[in-house]
Amino acid sequence: MHGGGGPGGGRPGWDDYFLEIARVVSRRSTCLRRKVGAILVQGRRILATGYNGAPAGLPHCSAAGCLREKLGIPAGERHELCRGLHAEQNVIIQAAVHGVAVSRATLYSTAEPCSVCAKMLINAGVSRVVYAQPYPDGLARELFREAGVEVEGRG
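Residues numbered from 1 in each chain as written. Predicted model: local features only at pLDDT ≥ 70, side-chain atom pairs only at ≥ 80, totals over all residues. Heavy atoms only, no water.

## Some remarks on unusual backbone geometry
And step 1. For Arg44, which is not a glycine, the phi torsion comes out positive at approximately 65°.
And step 2. Turning to its location among the elements, Arg44 is positioned in the loop between β1 (37–42) and β2 (45–51).
And step 3. Taking relative accessible area as the criterion, Arg44 reaches 54% and is therefore assigned exposed.
And step 4. With a phi close to 70°, Arg104 is a non-glycine residue in the positive phi region. (Helix = DSSP H or I, 4+ residues; strand = E, 2+ residues; numbered from the N terminus. Buried < 20%, exposed > 50% of the residue type's maximum accessible area, 1.4 Å probe, protein only.)

Below, the structure written as structure tokens:
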């Protein structure tokens, strides 16, 4: 069993514990539309963290503005029209930068991954995804299903 808390709900189960850490990570986000945090965990050990925002060294969206907002692009569409990286992309990148293998890890994210991130997570070997809030991307769900990645919403 992954989740579950102690009697009376006082002590969080592992899934709730790691989702709460992802929520704290999301507070570092510089995205104007949605703050997302993600962590990769293996054997109850945090491997890497990531949040959404502009690439390192570039102006944050709060300074440069949000092209998606200006163009009225709804969530789940036209991912390429954003100066930022998604939290899931950044957590994979952070693991790679530091030489940390993520195969068979669990991703905990404050938002359900999009299809672009789903493809990256599948190729990185992530075996399980636990998210807090749904995201409107049916293709991501289908890709995870086809790849045999366990996905659980805990909103």
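## Observations concerning the pattern of salt bridges
And step 1. In the structure shown here, the tally under the stated rule is 11 salt bridges.
And step 2. In this structure, Arg154 and Asp15 form a salt bridge, with 3.9 Å as the shortest nitrogen-oxygen distance. Placement of the pair is Arg154 in the segment after β5 (150–153) and Asp15 in helix α1 (residues 14–26), with a sequence separation of 139 residues.
And step 3. A salt bridge links Glu112 to Arg141; the nearest nitrogen and oxygen atoms lie 2.8 Å apart. In this pair, Glu112 is assigned in the loop between β3 (106–111) and α5 (115–124) and Arg141 in helix α6 (residues 138–147), connecting sequence segments 29 residues apart.
And step 4. Judged by its relative accessible area of 4%, Glu112 falls in the buried class.
And step 5. Beyond isolated ion pairs, a larger network of salt bridges with shared partners links Asp15, Asp16, Arg128, Glu150, Glu152 and Arg154. (Salt bridge = Lys/Arg side-chain N within 4 Å of Asp/Glu carboxyl O.)

## Some words on the nonpolar core
And step 1. In this structure, Leu40, Val91 and Leu107 are the most contacted members of the largest nonpolar core, which totals 20 residues.
And step 2. Counting residues per element, the ones that place at least two in this core are β1, β2, α4 (87–97), β3, α5 and α6.
And step 3. With near-sequence residues (within four places) excluded, Leu107 lies in contact with Ala38, Ile39, Leu40, Glu88, Val91, Pro113, Leu121, Val126, Arg128, Val129 and Val130.
And step 4. Of all hydrophobic cores here, the second largest spans eight residues; its members include Val25, Val41, Val130 and Ala132. (Core = buried A, V, L, I, M, F, W, Y, C linked by side-chain atoms within 4.5 Å. Contact = heavy atoms within 4.5 Å.)

## Here's the deal with the packing of α4 against α5
And step 1. The geometry of α4 relative to α5 is characterised by a closest axis approach of 9 Å and an angle of 25° between their N-to-C directions. Judged by the inter-axis angle, α4 sits roughly parallel to α5. The way α4 lies across α5 gives a crossing that is left-handed. Where α4 approaches α5, its residues Glu88, Gln89 and Ile92 are matched on the opposing element by Val116, Cys117, Met120, Leu121 and Ala124. (Axes fitted to C-alpha atoms, helices over the stretch in contact; angles between N-to-C directions. Parallel < 35°, antiparallel > 145°, perpendicular 65-115°, else oblique. Left-handed = near helix turned anticlockwise from the far one by under 90°.)

## Focus: the layout of surface pockets
And step 1. Quantified by volume, the largest pocket comes out at close to 450 Å³.
And step 2. Surrounding the largest pocket, 28 residues form its lining, Cys31, Asn52, Arg68, Cys82 and His86 being those nearest its centre.
And step 3. Those elements that provide at least two residues to the lining of the largest pocket are α3 (67–71) and α4.
And step 4. Considering only enclosed or pocket space, the second largest pocket measures out at about 290 Å³ in volume.
And step 5. Lining the second largest pocket are 18 residues; nearest its centre among them are Tyr51, Ala54, Ala56, Asn90 and Gln94.
And step 6. Broken down by class, the residue content of the lining of the second largest pocket amounts to eight nonpolar, nine polar and one charged. (1 Å grid on protein atoms, 1.4 Å probe; cavity = no way out; pocket = protein on both sides within 12 Å on 5 of 7 lines; lining within 4 Å. Points joined across faces, edges and corners; volume = space filled by probe spheres on them. Nonpolar A, V, L, I, M, F, W, Y, C, P; charged D, E, K, R; others polar.)

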